[in-house]
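Examining the three-dimensional arrangement
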Amino acid sequence: MIEVVRESLTLPGGEIVVVRPAPGAEVPFDEVGDELLPPYWAELWPSGIALAQAVRAVPAGTRVLELGCGLGLPALAAARAGAEVLATDLSTTAITLVRRSAALNGLPLRAEALSWTDPALPAVDLVLGADLLYGHRNVVELLEVLPRLAPQVWLTDPGRPLAAEFLAAARTTWTAIRRPTTQDGVALHRLTRRTT
Ligand SMILES: C[S@@+](CC[C@H](N)C(=O)[O-])C[C@H]1O[C@@H](n2cnc3c(N)ncnc32)[C@H](O)[C@@H]1O
């Protein structure tokens, strides 16, 4: 296992401690099928921090699924708010650390190494995703899977060009509201599935 440290973050609902790779630790690529996945999960991205701040507004008891959770800060914050949370990522190492963070904070949360394309993902009330729109394949896959997964989706994004492409294509299925966040340049997109 890689060397890890604990980082404490102050969020609107209180402090959350995240277990993350130590600065300078060599984080290997994950082998997923015949692909090598870069360890993007190992960063605490500004979009993840922004989403973790926003989930304070999630009502207790909401069934929440976080996709591509990385270190899982939004999932942990949603669990702190009383939501019933499943955190997922392709990286098994990331999921191991999310479980450790949940235990450390005394938060009830399930974490599983699953792709967002996995048919085993359950339908929930709300899907969360922070900084997922950085590859064309991600955009195509998320446009396809999100309508099955939840009537509400909250995505944070630091203004990546592909996010604009995603939002334009999503208009046929979703209405979207854009909100600024405390993180420089990061927007929160709240999507609601159209009923007709
Ligand atoms: C830029 S990182 C963002 C991590 C985290 N959401 C944050 O904001 O700190 C993208 C994350 O998506 C995950 N990922 C990439 N493709 C995925 C897929 N098909 N299914 C699930 N997770 C995926 C990566 O492992 C990584 O953790």
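Coordinates for the structure precede this section.
Residues numbered from 1 in each chain as written. Predicted model: local features only at pLDDT ≥ 70, side-chain atom pairs only at ≥ 80, totals over all residues. Heavy atoms only, no water.

1. Re the packing of helix H4 (residues 136-149) against helix H5 (residues 161-170)
At a minimum axis separation of 10 Å, H4 and H5 run at an interaxial angle of 25°. With respect to their mutual orientation, H4 and H5 come out roughly parallel. The handedness of the crossing between H4 and H5 is right-handed. Listed contacts from H5 to His 136, Val 139, Leu 142, Leu 143 and Leu 146 of H4 are Leu 162, Glu 165, Phe 166, Ala 169 and Ala 170. For the contact of H4 with H5, a count of residues per class yields eight nonpolar, one polar and one charged. (Axes fitted to C-alpha atoms, helices over the stretch in contact; angles between N-to-C directions. Helix = DSSP H or I, 4+ residues; strand = E, 2+ residues; numbered from the N terminus. Parallel < 35°, antiparallel > 145°, perpendicular 65-115°, else oblique. Left-handed = near helix turned anticlockwise from the far one by under 90°. Contact = heavy atoms within 4.5 Å. Nonpolar A, V, L, I, M, F, W, Y, C, P; charged D, E, K, R; others polar.)

2. Digging into the sheet that holds strand E9 (residues 152-157)
A sheet is described by the order of its strands in space; here seven strands give the open sequence E7-E6-E5-E8-E9-E11-E10, paired in mixed fashion. Each end of this open sheet is capped by a strand with a single partner; those strands are strand E7 (110-113) and strand E10 (174-180). When the angles between neighbouring strand axes are averaged without regard to direction, this sheet yields 20°. Inspection of the sheet shows strand E5 (residues 63-67) paired to strand E8 (residues 126-130) by four bridges, in the parallel sense. By the bridge assignment for E8, Leu 65 is matched with Val 127. With respect to the sheet, H5 is in contact with E9, E10 and strand E11 (187-193), its orientation differing from that of E11 by roughly 20°. (Pairing = 2+ DSSP bridges.)

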